Amino acid sequence: MHAFDVLGDPVRRRILELLLEDERSSGDVTAVIRAEFGISQPAVSQHLRVLRENGFARVRAEGARRLYAVEARPLQDVDRWLQPFREFWDQRLDALGTELARGRRDRRARTSTERTAP
């Protein structure tokens, strides 16, 4: 499965967000995902399996519990693939930042002029 196929699912993206916070048991992940998405425990387990089998998550046993954590390598691969596109985004974001600063400056100038007007 391609990395973007794995990440294309909102449930799997949310699971990764949860795992970024800290290592979590499958029960903890299931409780959050069931509450947010209304899907069954077996469906959550399937998403965890997809993440694990495609290298996005790792699991370790601690007694009877299974603890999941994010695995960075595939995300680094995605990051490298996206790198050439950042120049496009960065230029647009820089231009947006310039326009926002210009707007703030213009508003301050207008406010200052209005306060000093008789």
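All figures in this text were calculated on a predicted structure; none of them were measured in a lab.

Novice: Can you break down a positive patch on the surface residue by residue, with the values?
Specialist: A cluster of basic residues, R104, R105, R107, R108 and R110, forms a positive patch on the protein surface. Looking at the secondary structure, you find R104 in helix α5 (residues 72-116).

Novice: Summarise the sheet that holds strand β2 (residues 57-62); cite the residues concerned and give the values.
Specialist: Strand order in the open sheet made by the three strands is β1-β3-β2, with antiparallel pairing throughout. The two strands at the open ends of the sheet, each matched to only one other strand, are β1 (24-25) and β2.

Novice: Please provide a residue-by-residue account of the pairing of β2, values included.
Specialist: Regular strands have side chains that alternate between both faces of the sheet. As paired strands, β2 and strand β3 (residues 65-70) are joined by six bridges and run antiparallel to one another. Looking at the pairing, R60 lines up with L67 of β3. Here β2 folds back onto β3, and the loop between the two strands holds two residues, one of which, G63, carries a positive phi near 65 degrees.

Novice: Which residues make up helix α4 (residues 41-53), and what are the values?
Specialist: For α4, which comprises 13 residues, the first-to-last C-alpha distance of 18 Å matches the rise-based estimate of 18 Å (1.5 Å per residue) to within 8%. For α4, the set of buried residues is V44, H47, L48, V50 and L51. Looking down the long axis of α4, one finds its buried residues gathered within 155 degrees of arc, a one-sided arrangement. Of the exposed residues in α4, the ones pointing more than 90 degrees away from its buried face are P42 and E53. In this fold, the buried residues of α4 make contact with α1 (3-7), α2 (10-21), α3 (26-37), β2 and β3. Two residues or fewer after α4 comes G55, characterised by a positive phi angle close to 85 degrees.

What counts and what doesn't
Within any chain, residue numbers begin from 1 and follow the written order of that chain's sequence. Only residues with pLDDT of at least 70 are given local features in this predicted model, and only at 80 or more are side-chain atom pairs given and counted; all residues enter the totals for whole chains, interfaces and linings. The side-chain figures draw on all heavy atoms in the structure; neither hydrogens nor water molecules are used. Each patch groups residues whose relative accessible area exceeds 30% and which form no salt bridge, using 9 Å between like charges and 5 Å between nonpolar side chains of Val, Leu, Ile, Met, Phe, Trp and Tyr. In short, Shrake-Rupley with a 1.4 Å probe defines the accessible areas, and a residue's cover is counted only from the protein chains shown. The salt bridge criterion pairs a side-chain nitrogen of Lys or Arg with a carboxyl oxygen of Asp or Glu, the two atoms within 4 Å. His is not counted here, nor are the chain ends, while Lys and Arg score as positive and Asp and Glu score as negative. Charge coordinates come from a single atom per side chain, which is NZ of Lys, CZ of Arg, CG of Asp or CD of Glu. Secondary structure counts use DSSP, requiring at least four H or I residues in a row for a helix and at least two E residues in a row for a strand, with both numbered from the N terminus. Two strands qualify as a pair provided that DSSP identifies no fewer than 2 bridges between them. A helix is expected to span 1.5 Å for every residue after the first. For the exposure calls, accessible area comes from a 1.4 Å probe over protein chains only, and a residue counts as buried if that area is under 20% of its type's maximum, exposed if over 50%, partly exposed in between. Here the arc refers to the set of directions running from the helix axis out to each C-beta atom. Whether two residues are in contact is decided by their heavy atoms, any of which lying within 4.5 Å being enough.

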